[in-house]
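Observations on the model geometry
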Amino acid sequence: MKKIKYMCYSLCAVCMAALCLVSCADEELFPTSQVVEGQPITLSMKMAFNRPADIVVTRSDEFSELDNLTLFVYSSTDDFQQVVSTEDGNLTLAEQGEVVANMGIRYAISFETTSGSKKLLAVANTSGEDGSGTWDNLNTIKQQAINGNLDFEALKASILSLQNTTDGRQPIRITAASQLLMTGWNQGVVFSPGNGDNSNGSITNYGERGIQNQQVVIRLDRSLAHITFNIEADPEEAKGTFTPSSYRVYNIPTNSYLINTSHLPVSGDNVGENFKTFINYASTNVGAVNEGNYSFDFYMPENTCEEIAGVNSYAQRELWTNGTDDQNTLPEDKIWKNAPQTSTFVVISGTYVGETYNGNVTYTVHLGDFSDQNSSSNKWGNYSVIRNSSYTY
């Protein structure tokens, strides 16, 4: 059984001087033809973290803090205008406490900009890049945008690469909020100037992806997925006992899009022949029993796969076609009958003591969302691991 959570940060914009007006505004009240372009303003926004209630994880808060924020601002005609960030000192970020409607912890940001219709892309928790973080080329992408080499769609489609692409590297561990990159975007957002000498701007259109009644402008997604395994130490009515000793994860993607709203896979054609596209984590020991379970967890970039039709059981998920009589075939050499060859899977090794067999065993589990077989979107043929989600097996 698997439980999945969708972690969502939100970037909210609040009109400081005319909150009542903004709360009832719609596109008809502020048509594009009346947008004032280019007037200098100081804009205040708020960000919030959504905490679902049905989370099964091994950590208490899943690193909900925002360590820093970078915001890219483009015009509606796709011209790069500015990038502001907490690290550069031209954007402020402050925690504002809890809010209603399950928006969680709220953060406020403020920066100087110009009025007009905007395309926005936000990147949070980037300070781990130099040596301790997960992704390798965030500063390069930022500089390309500043130099005018990336239009807005190209910025969204920029490819991040893992810092460590060595086959057999240790599983990704998140030990600080700065390592858990988050991204989000919107377009058609209107920054309007204040009245008279008032330089405080406001949001008068929340764009294509905003949620006006929540004052949400940008919703941030985590760039990684969180995988957790809980193996019962003494399951009821079991015919034997499995004691796991180690696990290894195969087919970890090394590249990911900065923004991937459509959950598209990153293939070798996207990154070039000199890029390694998949690696395997090193074999890692499983810890002692805790609260009745052997548990382990890791983080990984998303690995999206086409859903496979005709897979009707868990056993069919794991069928392989070559060397089926040879139990010594290595996991990386198997040809899977149903699972995509680049789908991510975990091999758990240990010992089994049962009624008819005592000895060493391995179990293979392809990742994916097959938790609800009554849903058309959750089938045995689902092998995708999606960013901003937490999977518990």
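Residue numbers run consecutively from 1 along every chain, following the written order of its sequence. Local features are withheld for residues below a pLDDT of 70 in this predicted model, meaning they are given only at 70 or higher, and side-chain atom pairs are given and counted only at 80 or more; totals for whole chains, interfaces and linings count all residues. Each side-chain value is worked out from all heavy atoms of the structure, with water and hydrogens disregarded.

1. Quick look at the overall build of the chain
- Tallying secondary structure elements over the chain gives five helices and 22 strands in all.
- For every residue, the accessible area obtained with a 1.4 Å probe (protein chains only) is divided by the maximum for its type, and the residue is called buried under 20%, exposed over 50%, and partly exposed between those limits. Out of the 393 residues in the chain, the part that is buried amounts to 50%.
- Residues count as neighbours in contact if any of their non-hydrogen atoms are within 4.5 Å of one another. Counted over contacts in the chain with a minimum sequence separation of 6, partners at least 24 positions apart contribute 76%.
- A 1.4 Å probe and the Shrake-Rupley method give the accessible areas. Residues count as covered only by the protein chains that appear here. Looking at the chain as shown, the accessible area adds up to about 18,300 Å², and 45% of this sits on carbon and sulfur atoms. Numbering goes from the N terminus for both helices and strands, where a helix is a DSSP run of H or I of at least four residues and a strand is a run of E of at least two.

2. As for a negative patch on the surface
- A patch consists of residues exposed above 30% relative accessible area that lack any salt bridge, with like charges linked at up to 9 Å and nonpolar side chains (Val, Leu, Ile, Met, Phe, Trp, Tyr) linked at up to 5 Å. Just to be clear on terms, a salt bridge is a Lys or Arg side-chain nitrogen sitting within 4 Å of an Asp or Glu carboxyl oxygen. Only four residue types enter the charge count: Lys and Arg as positive, Asp and Glu as negative, with His and the chain ends excluded. Positions of charges follow a simple convention, taking NZ of Lys, CZ of Arg, CG of Asp or CD of Glu. Judged by side-chain charge, E65, D67, E87 and E95 come together as a negatively charged surface patch.
- Tracing the chain through its elements places D67 in the loop between β3 (40-50) and β4 (69-75).

3. Details of the environment of G207
- Position of G207 relative to the elements: it lies in the loop between β11 (202-206) and β12 (216-222).
- Taking the C-alpha atoms as reference points, G207 and Q187, 20 residues apart in sequence, are found 5.4 Å from one another.
- Those residues in contact with G207 that lie beyond four places of it in its chain are N186, Q187, G188 and V189.

4. Focus on the packing of aromatic side chains
- The aromatic pairing rule takes the rings of Phe, Tyr and Trp, using the six-membered ring of Trp, and pairs them if the centres are within 6.5 Å, calling planes under 30 degrees apart stacked, those over 60 edge-to-face and the rest tilted. Evaluation of the coordinates by the stated rule reveals 15 aromatic pairs.
- Aromatic side chains F229 and F296 sit 4.9 Å apart centroid to centroid with 10 degrees between the ring planes, which places their arrangement in the stacked category. Residue F229 is located in strand β13 (residues 224-232), and its partner F296 is located in strand β19 (residues 293-301); the two are separated by 67 residues in the primary sequence. Across this residue pair, the class does not change: F229 and F296 are buried.
- Taking the centre distance of 6.1 Å and the plane angle of 45 degrees together, the rings of Y314 and F370 count as tilted. Residue Y314 is located in helix α5 (residues 314-317), and its partner F370 is located in the loop between β21 (358-366) and β22 (389-392); the two are separated by 56 residues in the primary sequence.
- Here Y314 falls in the partly exposed class, since its relative accessible area comes to 32%.

5. Digging into the side chain of S161
- Relative to the assigned elements, S161 resides in strand β9 (residues 159-161).
- For S161, a relative accessible area of 11% puts it in the buried group.
- Throughout this description, a polar contact denotes any pair of N or O atoms lying within 3.5 Å of each other; where both atoms belong to protein, one of them has to be capable of donating a hydrogen while the other can accept it, and for residues adjacent in sequence the pair is counted only when both atoms sit in side chains. A polar contact of 2.8 Å, which involves the side chain of S161, links it to the side chain of N255.

6. A few points about the pattern of salt bridges
- Here the structure, examined in full by the defined rule, presents five salt bridges.
- Taking the shortest distance from any N to any O, the salt bridge between D297 and R173 comes out at 3.9 Å. Taken together, the residues span a long stretch of sequence, with D297 in strand β19 and R173 in the loop between β9 and β10 (182-192) at a distance of 124 residues.
- Between E302 and R387 there is a salt bridge whose closest N-O contact spans 2.9 Å. With E302 in the loop between β19 and α5 and R387 in the loop between β21 and β22, this residue pair connects regions lying 85 residues apart in the sequence.

7. Regarding the sheet that holds strand β14 (residues 240-250)
- The pairing criterion for strands is at least two bridges between them, as found by DSSP. The antiparallel open sheet is built from four strands, whose spatial order is β18-β14-β20-β21. Each edge of the open sheet carries a strand with a single partner, namely β18 (284-285) and β21.
- Here β14 pairs with β18 via two bridges, running antiparallel. Looking at the pairing, Y247 lines up with T284 of β18.

8. Some points on helix α2 (residues 138-146)
- Taken together, the buried positions of α2 are occupied by L138, I141, K142 and A145. Axial view of α2: buried residues confined to an arc of 100 degrees, hence all on one face.
- Where α2 ends, the next residue or the one after it, G148, has phi of about 80 degrees, a positive value. Working note: the arc is built from the helix axis to C-beta atom directions.

9. Concerning the pairing of β14
- Strand direction decides the pairing type here: β14 and strand β20 (residues 345-354), joined by ten bridges, are antiparallel. Following the sheet pairing, P244 is matched in β20 by G350.

10. With respect to the side chain of N338
- Considering the arrangement of structural elements, one finds N338 in the loop between α5 and β20.
- From its side chain, N338 meets the backbone oxygen of Q316 in a polar contact 2.8 Å long.

11. A look at unusual backbone geometry
- At E237, a position not held by glycine, the phi torsion is positive, near 60 degrees.
- Within the secondary structure layout, E237 lies in the loop between β13 and β14.
- Classification of E237 by relative accessible area gives exposed; the value is 82%.
- The backbone of N388 sits at a positive phi, close to 65 degrees, despite the residue not being glycine.
- Along the chain, N388 turns up in the loop between β21 and β22.
- Among the residues examined, N388 registers a relative accessible area of 5% and is labelled buried.

12. As for the environment of G310
- Structurally, G310 is set in the loop between β19 and α5.
- Taking the C-alpha atoms as reference points, G310 and G381, 71 residues apart in sequence, are found 7.3 Å from one another.

13. A few points about the environment of T92
- Structurally, T92 can be placed in strand β6 (residues 92-98).
- When its relative accessible area of 47% is taken as the criterion, T92 is described as partly exposed.
- Considering only alpha carbons, one finds T92 and M45, 47 residues apart in sequence, at a separation of 10.0 Å.
- In contact with T92, not counting residues within four places along its chain, are A108, I109 and S110.

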